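Chains, contacts and geometry: an overview
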Amino acid sequence: MESQRTFSGIQPSGSLHLGNYLGAIRQWIPLQDEYEAFFSVVDLHAITVPQDPAELRRKTLETAKVYLAAGIDPSKATLFVQSHVPEHTELLWILNTIARMTDLERMTQYKDKSESKENLVGLFDYPVLMAADILLYDTAVVPVGEDQVQHVELARTLARRFNDRFGETFTIPEPRVMKEGARIMGLDDPMKKMSKSAASEYNFIALSDDPEAAKKKIMKAVTDSGSEITYQDDRPALKNLITIYSLLDEKSPQEIVAMYQGKGYADFKRDLAEIIASFLTRFQARLAHISDDDAMKVLRDGAEKARGVASAKMREVRERIGLLP
Ligand code: TYM
């Protein structure tokens, strides 16, 4: 039978930002009606760079609350913390025995992240843990931003390799990226993606930013030369701002360009700043209504449901590779 499952996750490291929301979470919402959905807070991925233990706990719960505030409905989707389902790390180990060093050496995110830090084994192996996350649930569709597509392709490679060697076991997953918003760029540098680990806070708008502070970030965002409002590839800073405007205000880029004919950056930025501030105000109000206890209960129920699926899959995997029952 064809799989009807979707799986995605976000690391509870740094502050979740508009890129995470517009590129990933936003497309999860409709998928929870079409698919059996699993959304995880991937804490074991977060520890591939050093984390403060108390902060990690706080951010893990906060990330789950962000899912809820964004519209993930626990009566439809299973929401859980990755480390609460130990089958993820068990499958990681088994996939490690079929993943090749050369598969991982090609991963661009590792190349970027390892440049400035000690080369940790966990950081190198991180895409195999992500493959385990996806394959455990026989996931058909993986909704992510563009930067994660290469990792989903590794999951496809490992699933095929496992199936070839041990017989049909895993569903081959498909990445799914949004047409618009799959790669929101930094406000301070439109050639780099908006990132939680950016050096400057003027790079991103965090979902937790004070709305007034967020407005200032928009007013300070770099722009391109020229004064007209146009939507084109050779004006990447403006293109990025128009994309954000378009997604939050549900207007097409062309409509926005038409609205600002004969006007300049100042008008455009002022309006965008208002749109973002009002989005953040509404989002944060929803977030404030979710108690720690309620979020913990959702996560406990979610872990139990996820474990049901994951443990059945692991029984099958152990048998396939010849582990003694
Ligand atoms: P993470 O935590 O870096 O990012 C979470 C999601 O946000 C998307 N994203 C963006 N989208 C558009 N513009 C941006 N600037 C931007 N920055 C981030 C990411 O593409 C991602 O969809 N390895 C993953 C987490 C993960 C996962 C998984 C995802 C672990 N296991 C299994 C899917 C399935 C990561 O680090 O994402």
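This one's a predicted model, so the numbers in the text were calculated from it and none came from an experiment. (Residues numbered from 1 in each chain as written. Predicted model: local features only at pLDDT ≥ 70, side-chain atom pairs only at ≥ 80, totals over all residues. Heavy atoms only, no water.)

This part takes up the pattern of salt bridges. One pass over the full model with this rule turns up 20 salt bridges. Residue K217 is joined to D209 by a salt bridge in which the shortest nitrogen-to-oxygen separation is 2.7 Å. For D209, a relative accessible area of 13% gives the class buried. Salt-bridge contacts for E316 lead to K313; the nearest nitrogen and oxygen are separated by 3.4 Å. Taken together, the residues E316 and K313, both in helix 13 (residues 292-321) and three residues apart, mark about one turn of the helix. Beyond isolated ion pairs, a larger network of salt bridges with shared partners links E55, R58 and K59. (Salt bridge = Lys/Arg side-chain N within 4 Å of Asp/Glu carboxyl O. Buried < 20%, exposed > 50% of the residue type's maximum accessible area, 1.4 Å probe, protein only. Helix = DSSP H or I, 4+ residues; strand = E, 2+ residues; numbered from the N terminus.)

To continue, consider the side chain of S246. Summarising the element assignment, S246 is placed in helix 10 (residues 236-249). Residue classification places S246 among the buried positions, given a relative accessible area of 9%. In this structure the side chain of S246 is engaged in a polar contact, spanning 2.8 Å, whose partner is the backbone oxygen of K251. The residues contacting S246, other than those within four sequence positions of it, are K251, S252, P253 and I256. (Polar contact = N/O pair within 3.5 Å; in protein donor to acceptor, adjacent residues only side chain to side chain. Contact = heavy atoms within 4.5 Å.)

Attention now moves to the domain arrangement of the chain. Parsing the chain into structural domains produces domain 1 (5-177 + 291-321) and domain 2 (201-287). On a C-alpha basis, the centres of domain 1 and domain 2 stand 31 Å from each other. Facing twelve residues of domain 1, the contacting portion of domain 2 comprises 13 residues. Taking both sides of the interface into account, the surface hidden between domain 1 and domain 2 amounts to around 1,200 Å²; carbon and sulfur atoms contribute 78%. Contact with domain 2 buries surface across domain 1, with L18, L22 and A69 losing the most and accounting together for 44% of the total. Our count for the contact surface shared by domain 1 and domain 2 stands at zero salt bridges. Our count for the contact surface shared by domain 1 and domain 2 stands at three residue pairs in polar contact (both at pLDDT 80 or more). For the side of domain 1 that touches domain 2, the elements supplying multiple residues, two or more each, are helix 1 (18-34) and helix 3 (53-70). Here the element with the most residues in the side of domain 1 that touches domain 2 is helix 3; it accounts for five residues. For the side of domain 1 that touches domain 2, the class distribution of residues is seven nonpolar, two polar and three charged. (Domains from an automatic or database assignment. Buried area = accessible area lost by both parts, 1.4 Å probe. Nonpolar A, V, L, I, M, F, W, Y, C, P; charged D, E, K, R; others polar.)

Attention shifts here to unusual backbone geometry. For D138, which is not glycine, the phi torsion reads 45° and is therefore positive. The residue D138 is located in the loop between helix 7 (121-136) and strand 4 (141-143) in this model. Residue D138 is classed as buried on the basis of its relative accessible area of 16%. With phi around 50°, E250 is a residue other than glycine that occupies positive phi space. According to the relative accessible area criterion, E250 is exposed, its value standing at 72%.

Moving on: the site of the ligand. Among the 28 residues in the neighbourhood of the ligand, the closest are listed as Q11, Y126, D133, D147 and I184. Take D147: an N or O atom from its side chain is 2.4 Å from an oxygen atom of the ligand. A distance of 3.1 Å is found between a nitrogen atom of the ligand and a side-chain nitrogen or oxygen belonging to Q148. Coverage of the ligand by the protein chains reaches 97% of its 710 Å² of free accessible surface. (Near = heavy atom within 4 Å. Areas by Shrake-Rupley, 256 points an atom, 1.4 Å probe, with all protein chains shown as cover.)

Assignment of secondary structure puts L56 in helix 3. The class of L56 is buried, set by a relative accessible area of 16%. Separated by 201 residues in sequence, L56 and V257 place their C-alpha atoms 42 Å apart.

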